[in-house]
Structures are given as structure tokens and as C-alpha cells.
Amino acid sequence: MTLLWIPLLSLLGSIISSMTGKLTRNQSTGLTMLMPLIALLITISLAPAVFAGEVLRYTISWIPLLGIDIAFRLDGLALLFVFMILVIGILVIFYARYYLSNNDSMPKLYAYLMLFMTAMLGIVMSNNVIQLWFFWELTSISSFLLISYWWQKSEARKGAIMALIITGGGGLALLAGLLLLGNIVGSYNLDVILASRGIIQAHDWYEVTLILILLGAFTKSAQFPFHFWLPHAMAAPTPVSAYLHSATMVKAGVFLLARFYPALAGTDTWFIIVSLTGLTTLLFGAYVALFKHDLKGLLAYSTISHLGLITLLFGLDTKLAAVAAIFHIINHATFKASLFMATGIIDHETGTRDMRKLNGMWRFMPYTATLAMVAAASMAGVPLLNGFLSKEMFFAETLHQQLLGSMSWLIPVLATIAGALAVAYSARFIHDVFFNGDPIDLPKQPSEPPRYMRVPIEILVALCLLVGIFPNFIVNDILKAAAFSVLGGYVPEFKVALWHGFNLPLLMSGIAVSGGLLLYTQRRYLFRFQASLPTLNAKKAYDNSLNKMIKWCQHKIISIENGSLQRYLMLMFVVVLIFAGGPLFEMSQLGGEKQLTPIDVHNAVGAALLMIGAISTVIWYRTRVVSLLMISVVGLMVSVAFTRFSAPDLALTQLTVEVVTIILLMLALFFLPQHSPKESSSMRVLRDLGISGALGIVIASICYALITRPLDSISEFFLANAKTGGGGTNVVNVILVDFRGFDTLGEICVLGIAALGIYKLLVNLPLFIPTSDSEGRPWAKERYPILLASISQSLLPLALLVSFYIFLRGHNMPGGGFIAGLVTAVAFILQYIAHGSKWIAERLTINYRKIIASGIAIALFTGVGSWFFGRPFMTTWFDYFDIPFIGEIELASALVFDVGVYITVVGSTLMILASLGQLTTNEPKEKVNV
Amino acid sequence: MELLYASCVGVLVSCGVFLILRSRTFPVVLGLTMFSYAVNLFLFSSGRLSLNQAAVLGTSTEYADPLPQALVLTAIVIGFAMTAFVVILSIRGRADLGNDHVDGQVPIKKKKKNKKVEV
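Draft legend 1. Representation of unusual backbone geometry in the model. Residues and elements named next belong to chain A. Going from Phe 224 to Pro 225, the amide bond is cis rather than trans, its omega being 5°. Topologically, Pro 225 is positioned in the loop between helix 9 (206-220) and helix 10 (229-232). In the Ramachandran plot, Ala 222 falls in the positive-phi region, its phi being about 55° despite a non-glycine side chain. Topologically, Ala 222 is positioned in the loop between helix 9 and helix 10. Judged by its relative accessible area of 0%, Ala 222 falls in the buried class.

Draft legend 2. Quick peek at the pattern of salt bridges. Residues and elements named next belong to chain A. Taken as a whole and judged by the stated rule, the model has 20 salt bridges over all chains. Among the ionic pairs, Glu 458 bridges to Arg 454, the shortest N-O distance being 3.9 Å. Note on accessibility: Glu 458 and Arg 454 belong to one class, buried. Salt-bridge contacts for Arg 687 lead to Asp 688; the nearest nitrogen and oxygen are separated by 3.2 Å. For Arg 687, a relative accessible area of 32% corresponds to the partly exposed category. Each member of the salt-bridge network shares a partner with another, and the members are Arg 57, Arg 73, Asp 75, Asp 191 and Arg 259.

Draft legend 3. A look at the nonpolar core. The biggest cluster of nonpolar side chains holds 196 residues, and the ones touching the most others in it are Leu 74, Trp 229, Phe 260, Trp 270 and Phe 314 of chain A. Top contributing element to this core by residue count: helix 3 (residues 76-99) of chain A, with 19 residues. If sequence neighbours within four positions are ignored, Leu 74 of chain A has contacts with Leu 3, Leu 46, Val 50, Glu 54, Val 55, Leu 56, Leu 79, Val 82 and Met 125 of chain A. In terms of nonpolar packing, the next biggest core, distinct from the first, is built from 119 residues, Ile 707 and Ile 840 of chain A together with Ala 38 and Ile 76 of chain B among them.

Draft legend 4. Structural detail: the interface of chain B and chain A. Chain B puts 83 residues into the contact, and the matching count from chain A is 111 residues. When chain B packs against chain A, close to 8,800 Å² is buried across both sides, 77% of that on carbon and sulfur atoms. Looking at the side of chain B facing chain A, the largest losses of area belong to Phe 26, Arg 48 and Phe 80 of chain B, adding up to 9% of the total buried there. Linking chain B with chain A are two salt bridges. Across the salt bridge formed by Arg 22 of chain B and Asp 688 of chain A, the nearest N and O atoms sit 2.2 Å from each other. Counting every contact that joins chain B to chain A gives 20 residue pairs in polar contact (both at pLDDT 80 or more). Broken down by element, the residue count for the side of chain B that touches chain A peaks at 25 residues, all from helix 3 (residues 66-97) of chain B. A class-by-class count of the residues in the side of chain B that touches chain A yields 53 nonpolar, 18 polar and 12 charged.

Draft legend 5. Broad picture of the layout of surface pockets. Residue and element names in this part refer to chain A. By volume, the largest pocket amounts to about 1,300 Å³. Around the largest pocket, the lining is made up of 43 residues, and of these Pro 231, His 232, Val 288, Lys 292 and Tyr 301 lie nearest the centre. The computed volume of the second largest pocket comes to approximately 960 Å³. What lines the second largest pocket is a set of 26 residues, among which Leu 667, Phe 670, Arg 783, Ile 833 and Thr 920 lie closest to the centre. Counting residues per element, the lining of the second largest pocket draws most heavily on helix 28 (residues 648-671), which supplies five residues. Here the lining of the second largest pocket is built from residues that sort into 16 nonpolar, eight polar and two charged.

Draft legend 6. Structural context of the confidence of the model for chain B. Mean pLDDT for chain B: 85, with 91% of residues reaching 70 or above. For this predicted complex, the interface score ipTM comes out at 0.91, while the overall pTM is 0.69.

Draft legend 7. Examining the environment of Ser 90 of chain B more closely. All names here are of chain B. Residue position: Ser 90 is located in helix 3. By relative accessible area, Ser 90 is classed as buried at 7%. Expressed as a C-alpha distance, the spacing of Ser 90 and Gly 104, which sit 14 residues apart in the sequence, is 9.9 Å. A polar contact of 2.6 Å, which involves the side chain of Ser 90, links it to the backbone oxygen of Val 87.

Draft legend 8. Representation of the environment of Phe 873 of chain A in the model. Residue and element names in this part refer to chain A. Position of Phe 873 among the secondary structure elements: in the loop between helix 36 (848-868) and strand 3 (878-883). Given a relative accessible area of 26%, Phe 873 falls into the partly exposed group. Separated by 13 residues in the primary sequence, Phe 873 and Leu 860 place their C-alpha atoms 9.5 Å from one another.

Draft legend 9. Representation of empty space enclosed by the protein in the model. With the rule as written, the count across this model stands at 10 cavities of 30 Å³ or more. Empty space within the largest cavity amounts to approximately 110 Å³. Lining of the largest cavity is provided by Gln 654, Val 657, Glu 658 and Thr 661 of chain A together with Thr 33, Ser 36, Tyr 37, Asn 40, Ile 76, Gly 79, Phe 80 and Thr 83 of chain B. For the lining of the largest cavity, the secondary structure elements donating two or more residues are helix 28 of chain A together with helix 2 (25-45) and helix 3 of chain B. Class assignment of the residues belonging to the lining of the largest cavity gives a composition of four nonpolar, seven polar and one charged.

Draft legend 10. Structural context of a nonpolar patch on the surface. Residues and elements named next belong to chain A. On the surface, a nonpolar cluster with roughly 650 Å² of combined accessible area is contributed by Met 1, Trp 5, Leu 8, Leu 11, Leu 12, Ile 15 and Met 19. Relative to the helices and strands, Met 1 is located in the segment before helix 1 (2-18). Judged by its relative accessible area of 46%, Met 1 falls in the partly exposed class.

Draft legend 11. Spotlight on the packing of aromatic side chains. This model, assessed by the stated rule, comprises 25 aromatic pairs over all chains. An angle of 50° between the planes, with centres 6.5 Å apart, marks the rings of Phe 72 of chain A and Phe 135 of chain A as tilted. Of this pair, Phe 72 of chain A sits in strand 2 (residues 68-74) while Phe 135 of chain A sits in helix 5 (residues 129-147); the two residues are 63 residues apart in sequence, bridging distant segments of the chain. You can call Phe 72 of chain A buried: its relative accessible area is 4%. Seen in terms of ring centroids, Phe 573 of chain A and Phe 35 of chain B are 6.3 Å apart; in terms of plane orientation they differ by 70°. Their pairing is edge-to-face. Of this pair, Phe 573 of chain A sits in helix 25 (residues 565-581) while Phe 35 of chain B sits in helix 2, on two different chains. Using a relative accessible area of 9% as the deciding quantity, one classes Phe 573 of chain A as buried. The cationic tip of Arg 97 of chain A hangs over the ring face of Tyr 98 of chain A; the distance from NZ or CZ to the ring centre is 4.7 Å. Taking the ring centre of Trp 136 of chain A as reference, the NZ or CZ of Lys 220 of chain A above it sits at 4.9 Å.

Procedures and definitions
- Residues numbered from 1 in each chain as written.
- Chains lettered and ligands numbered in written order.
- Predicted model: local features only at pLDDT ≥ 70, side-chain atom pairs only at ≥ 80, totals over all residues.
- Heavy atoms only, no water.
- Helix = DSSP H or I, 4+ residues; strand = E, 2+ residues; numbered from the N terminus.
- Buried < 20%, exposed > 50% of the residue type's maximum accessible area, 1.4 Å probe, protein only.
- Salt bridge = Lys/Arg side-chain N within 4 Å of Asp/Glu carboxyl O.
- Core = buried A, V, L, I, M, F, W, Y, C linked by side-chain atoms within 4.5 Å.
- Contact = heavy atoms within 4.5 Å.
- Buried area = accessible area lost by both parts, 1.4 Å probe.
- Polar contact = N/O pair within 3.5 Å; in protein donor to acceptor, adjacent residues only side chain to side chain.
- Nonpolar A, V, L, I, M, F, W, Y, C, P; charged D, E, K, R; others polar.
- 1 Å grid on protein atoms, 1.4 Å probe; cavity = no way out; pocket = protein on both sides within 12 Å on 5 of 7 lines; lining within 4 Å.
- Points joined across faces, edges and corners; volume = space filled by probe spheres on them.
- pLDDT = per-residue confidence, 0-100.
- Patch = residues over 30% accessible without salt bridge, like charges linked within 9 Å, V, L, I, M, F, W, Y side chains within 5 Å.
- Areas by Shrake-Rupley, 256 points an atom, 1.4 Å probe, with all protein chains shown as cover.
- Phe/Tyr/Trp six-rings, centres within 6.5 Å; stacked < 30°, edge-to-face > 60°.
- Lys NZ or Arg CZ within 6 Å of the ring centre and 35° of its normal.

What follows is the structure, encoded as C-alpha cells:
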């Protein structure tokens, strides 16, 4: 559990710091630093156990069926990274307090920084690779937010998007790789994966998996040719760069290499890909860094170069190389973070980062200059500093590999050249900024920064020195622990020391330092040579391909999605046709084994009427009233069909719904044109006829295939239990209100929502009310015929009685809440037609919205009621009572549920029709209570 | 009779789809209504066709399949709610947009040369 607190505290810090907007800057900083400080204390308390070789774990089961857990794990490697992330994070937060101007939102930066910290902690501590990937993507997203912190600047936005696309794309490759890995091993658990080296490397998918995972790592740690996002990410505020490009974001990539080193490394594929990528990046980054005039640009390419160095070390096939890689991860984090912070100070105090303007800063800020010079010397690999130690180890390891066969000697030579370049750009950083004459056109008069702005740099530079002079004392434990987890148990004897005697690596260092200084002093020639080369711009290539892709996608989308709903519908039907019709061709025989029933006269006549009605609707579809009449014939025949095929409930429902639908459509027609214009071309009509005809044939065939095969249904259960379990003999109704009562509850909710939606759609409708029909004949002034009015009025009580009867008998005989509700609604609608909504409103002051709500509430509370008896939601209860004179009757809680259904159906239907109907009358809505 | 039933469903589907593909809202609503008849009949038939069978317990030994019936019953009611919604939407659409074309605007026709049709 203590393990979980480390990322959790940092997440908490993100939330807390986002709320410190009203506090002073010092309070905000203090509060933000508090959480990682506590996390750091927890980590320190856990460290002894990890140093002793223990692996701490914490797991919460999340989706056990998919093998996904929330799992954390702290081993040596993770501990090292947690330390780096927290320590440098705290220093960066402190530094940012002085860096940000009053116009910049501090809580925003802190919240993003802490979110990023959470993501990084999550990556290094995950014990489940899917979870690891989740945090990996979170770093991409939070770094996007951090880089685009100054979102007003175009370069910040572009840099952020570029970083997101490159690292996010790599993240997708990583996901694919991790999924493959999980498939090979059969588990997403990191412990299991790390222990399955043999299985993984013998598997056919090993190469694919490896390349996908490496793509993730290389994009994240800006390896060539994916390096170009990193310099553009320099548009971020300098504290962000100091954090992202020293200890965290780019280190996530090399962390991945280290994490999967026990499982994936050891094959020729690994060594070739990783070492060559690393070597190329090392040389390329170091070379380009020399020519950057922007201080942060120089640091960016130097970061790329150093990451290449670490990658190369992981790609050398000796155990000590991996140790050296880990050591350099620590050293690079310390000196690069301090250099970024120093650059931030220079930028802050002079207003520029251009080395052509910055000269002679030593006179203005000697203290900062000293700190920066020590850090830069460490970057160059000068003795007594930590950078020297890992560089020595690196040189030594390049001598011990057999990577390129007989040409293996090339690697130490190239490594020395890269070392010389590193010395040259470090020398430029020192000499060009702090000496080299006088400053030129500085926007500000430079001076020393606020006292506390230097504190983080002092701490980091002190670390550089301490590690450089007393390496065994400071880093031995953590280095051993991390190497233990990277090498999977066996750690070769190694001794980090300042002095190994006169040997080849020392000679290489000597050559690098002197060569680098020579390069720097003679840089004029090199610059001239570089200027004569054609400029190779990775950003341009990236921009071009991105633009091309966007254009291509736009073109494709527009060609499919042209805004015509008519066309989308057509495409959807074609898709249905293909997917529904396709399998039919694989069936050997359409008809099934079932005995066919003979056709009798009634059925034939009914079917003929139905088909004639349907076809006539289509033929006369332009004359809308006629087509409406025709479709009502179809509806009537459907309800007759339900009667014929032993479904009285359905027939009743269909009949009443039919009445309501036709009235509704008639009302609608009042507001719509009476005729459809002739629009479709003959080709279009032919095409639509083809699609609809084909679809009809397909559905008819499926239907035929279905009903000619014997039935294997779960209905036996309902038939057997309806009376005993549900207390009713009408099985359909018992299913509705009891077995599948929860579904019915959902359905009446849909009904209510539809009615409310209609109500809202009709509010403030700017409607044109026609005074005449389409042929210019004025509507009759006498709207409500007296004959209908008097008959309908006397019919109302009768109709209500019938609906009450239908409702009550519903549980045992055809009927029930739905049908009774519709019958009641029809009775009321008749009153509306006969008298008009104003007349009704004067007599019936009911708010239909409240009716719908109460109906749903009754149904819901009936369901909830069963909780009070300790039963699951919607358990029905029923019993039989003997009442004098009436006889035995049954009371069931399902009846109350059915009341809810009834009320909802009445409310919804009346609300729909009355809302529309009252629009025909020009009366204000308040008076008619819909 | 199964063949006749299936043919009816097929005819309803065809007519419904054809109307749904029209360009004005009212025929589309009619098409949807027709299509929902077809869907209901189709779902209903998944319990197989049974003439003269009991729907209520205790009256016979042969029963029609109650499950599709219960499903179709609610489908009819919800189908009505949906039809109503589409109808009102089309009225609202006409009031707001000034026409009843499903795309929200009447396409501008290119002038065509009138071909003389000889009869």
C-alpha cells in the first residue's frame, strides 16, 4: 500500500496545485512541493529493502478476466528512476517559482508538471505492461500540455503537436508490441514477462515485437530519425525543458530499453538495431549541437546525442555496458538539468539565448557562470566530474565488443570522435557565453538572478562533483540495485573509480578533450563547411508529409461524407444488403425441415390486401393524403395478421397504435406540403428500386428460412412459470410486467423521453399555419361538428370503462397496461378532435409532463419496493384473497407496476398529440396544459 | 403459408426502404412506419406461425410462443414514439429551414436538355 502512495501523492499534488490560484506564489510553490517531498520520504524509507535485493509489489485486481491489474512494483531500476523523477521534479518546481513572470499562471504549470510526474512515476513503477502503456500515453499528453504552456505562441503549439504526434505514434507501436508480448507470454504481468526470456526469444513474433517496442522507445527518447521533435519542444518554458529533457520524458525511452533488457536483449537483432541507432544518434546529435546558436538548441541536440550514447551502451553486448548505461542515465540527468536551469537564468536576465549576442557574461554573473561551467565540464567529460566517469566506462566498453566483426574497431574510433564533438560544443557553451569579448545588443542589462533561483543548480552541481570525486560513496548502492534488475540477477564485478591507471580509455578521453578543444578553436572552418552543405530539414519533410496526409484524409472524407442524409441512408442500406445477403449464398437450402402449412382463403385475401396497400402507398406517395390512407390499410392488415396467428395482445396494441399514428400523421400533414415534388431522376428511381427490391428479397428469404425451421425456444420456461411464479395466465403480460419488468421500465422511460423531446421541439416553433388546403380551398370555419361532439362525449365514459376492464384483466387475459393506456388515450384524443384543445383545457387541468413522471415513478418504486422485503430489484409478490360477494381475487405487485406503465402510456400519447394539435389553433400554450 | 408470410414481409421491406430513400420528409416517415411493420412481423414470426393456438394458460395444451409477442408489443409502442418524434422533427425542420427536404436544402438542379420522348 505504501507503494501506491508514491504516484497517488503526486496525482494529489496535481489536483492541489491546480487550486492554488488565489494563494501567493510562495504558498503555491510550497504546497506543490509538499506532496513530492512526502513521496520522496516514503521512497527513502523503502530504499533499504530494495538495496537488499527485494522487489516490492502492490496489486489490486481490476479486470481479472483480461489479466489487467492495477499493479505496482519497486525494484532497483524503478527506485533509481523514482529518485530522479522526484528529486529533479522538486528542484524544478522550486526553480519555476523564480522563472515564471507574473503574467504566467503558476497553478497551471504546477498542475501539468505534477500530472507529468505522476505519469512518469506510473511508467517506472508499473507491474502490468498495459498499465505501463497507459502511463506512457499520459506522459505524451501531459508533455503536450507542458510544451504548449505558452499557447499564444505559434511555435509552442506546433512543437507540442509535433511531440504529441511522434511520441503518440510511437506509443501506438509500443501498445501493439506489448500486446504481442502479452500474447507470447500469456500474461501482461511484468514479473512473468521478465522471467520468460526463453519463450519470447524463441517465438516467431520476436522480431516484430522487438521492433514495435523499440519504435516506442526510440520515438520517446528522440533517437535518429525521430529526433526532430525534441528541438521543437524547446518552445516550452525552460523549467519544463529542464525536467522533460534531463530526467524524465526522454529518459522514459531508455527506461523502456532497461526495463525489457532482461526479456528482449541478447539477440543479434537487438544488438544491431539498438547499437546502430544509438551510434548514429550519438554522432548526429553531437555534430548538429555544435552549430546551434540558440543555447537551448545546443542543449537539445546534446541531449539527443547523450541519449544516443545511452542507447548505444544498451546495444553493446557486454554486461558492464548496461551498468555504464544506467550510470550515465544518472549523470546526464544531473548535469543536463543544471545546464537547462542555468540557460533559463541567462535567458531570464539578458532576454536572449542567442550565443552570437551573449558574450562576456562572466563579468555580470560570475556565480552563475561558475555553476554552468562546472556542469558543462561534466557534460564534456572532464575529470573530477561525474560525466567523466561514465564516459570512461563507455570508452572502455566500446573496446570490449565484437559487434561489427572484423570492423568492430570502428566503434571506439567513432565514440572518440563523438566525445571530441561533445567537448567542442561544451567548450562553446562555456567560452562563447561567458567570455569571448563583450555582449552585443542585449535586450536587458544582465545581472545575477535572485539568490534562491540558483539553489537548485547548486544542489545539482554539488551532486556532479560529489559523484565525480567519491563515486563509490554516493552511487554504489543504487547503481548495483538498478544493475541487478536490468541484468536479471547477475551483476558483474565493477568498480567505479576516478583513477584506473594509464589505459586505453584514458587515452581516448585525452584525444577527445584535446581534439574537441582543437575543433572549437578552429570552428570557423567547420562553420563555413557546414554552411556550404545543403540544409537537410527534418521538420520540412515532416510538415510536408503531415499536410499531404491531412489533405488526403479530407479528400476521402468529403468524397464519402458530402452532407446528404439521403445518400448516407442509401449507403447504409447497401451495407445491410451485403452483410445480410452474403451469408444466404453459403446456405445449401433455403427452406427448412418444418412441415409447411397450407394457404387458406382468409390468409390469401389478407396478404393480398396488405401487399396492395403497401404497393399503393408507394405508387401514390406524391399525393400524401392518399398514401396515408393506403398505409393505414397496411397497419390494419398487420393487426389482423396478429389476430390470425394467435397473438390477441399484439393485435389490440397494433390496432390502437394504428389509430393514434394515423391521427398524428394527419395532423402533421396539416403543417407539411400536401404533395411531394417530382425530384428524383429516372436513374435514381431505378437505383432505389434496385436496392429496396434486393433488400426485400433478402429479408423475405431470411424470414422464410427462419420460419420453416423447427423452433428451439426458451419460452418453455415462461409458459411453465407464468402462473406459479408470476401469478398470471396471460404469459405475454407476465413477461412484460414480471419476468422482463426491467426491460419494460426502460421502455416506458424511452416513451416518456420521446414525449418530452417532442414537447421541447414544439416550443417556440415559428410555424406558418395555412388557412387553406393545397388547392386554395379555405378550411371550414366550423371546426368542431356538433354531431361528433355530442356522440364522443357520451362515448368517453364507456371507453374509459372498457380500458379499465382491459387493464384489470390484463394479467390473466389479453390486455394490460400498454393496451389499456392506448385505449384511454384514443378516447381522449377523440374528445380533442371533437371539441378542440381549448375546450378540454377548460375542463381538464392536467399537466401531462407530471403524469409521465408519476407513471415512471410508480413503476420504479414498485421495483424498489421489493428491496424492503430483502428481495432483488423488481421481485413481484402476489397472493389470492377471498372477498365476500366478489369471490377469490388475486392481488399482485405487478399490477401496481402495470399502473405505472398505463399512466406513462396515457401521458406520453396525449402529450404528443395534444402538443401538436394545439398548434393548429393559434392559442398560447399556457392555456392548454400540455 | 410460410412462403406467403415471408413474401408479405419482403414486400413491406421493399416498399418501406423505397420510401425511406425519397427526398422529402413525409414519405420518409411513411417509409419508416412501413419498415417498422415489417420488422415487427419479422420478429413476431421468430416464434413461428401458429394458427388457432392458445395465448392464455389453461385453455389448451398448445401455446403460441409468448416471448416474441412480448418483445413485439413493446416494439410497437416504442415504434409509435419514434415515428411521432420523427414527424415532429420534420415539422420543426420545415419551420426552421423553410423546406421539407431531408438534406435540409433543396438541391439546385442543373438545367438539362429536354429530350423528346416519342410514344
